[in-house]
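Residues per chain are reported as follows:
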Amino acid sequence: LPWYFTDPVAADEQRAANRKLVDELSRFAPVLVDEHLGVETDPRLFSDTNWHLSEEGARLRSREFGRSLTIWLKQ
C-alpha cells in the first residue's frame, strides 16, 4: 500500500480498513509486509499532499519497501 498521511486520531481505524483490504487482496496475489498498513502520522514525511512523500519520507518508504521485498523474495 502507498503511504498516506493520516490524522493520529483516525490512524487505528484506517489501519483496520487497510488490513481488511490487504487480507482480501492476499487471496489473489502476494502482498508485501507493511507494518504501517499504508498509514503514516508524521507530517514531516509528506510534502504538498497527503499522498506525496517528502525527500525524507521517500527515503524511509524506499528502505522499508526494500526490506519487505527482500523478506518476500527469501520465502
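### Focus: the pattern of salt bridges
- Per the stated rule, a full pass over the model turns up four salt bridges.
- Here glutamate 55 and arginine 59 are joined by a salt bridge, their closest N and O atoms 3.1 Å apart. Of the two residues, glutamate 55 and arginine 59 are both situated in helix H2 (residues 55–73); the distance of four residues between them amounts to about one turn of the helix.
- Under the relative-accessibility criterion, glutamate 55 is labelled exposed at 62%.
- Its relative accessible area of 43% is what places arginine 59 among the partly exposed residues.

About the thresholds
Residues numbered from 1 in each chain as written. Predicted model: local features only at pLDDT ≥ 70, side-chain atom pairs only at ≥ 80, totals over all residues. Heavy atoms only, no water. Salt bridge = Lys/Arg side-chain N within 4 Å of Asp/Glu carboxyl O. Helix = DSSP H or I, 4+ residues; strand = E, 2+ residues; numbered from the N terminus. Buried < 20%, exposed > 50% of the residue type's maximum accessible area, 1.4 Å probe, protein only.

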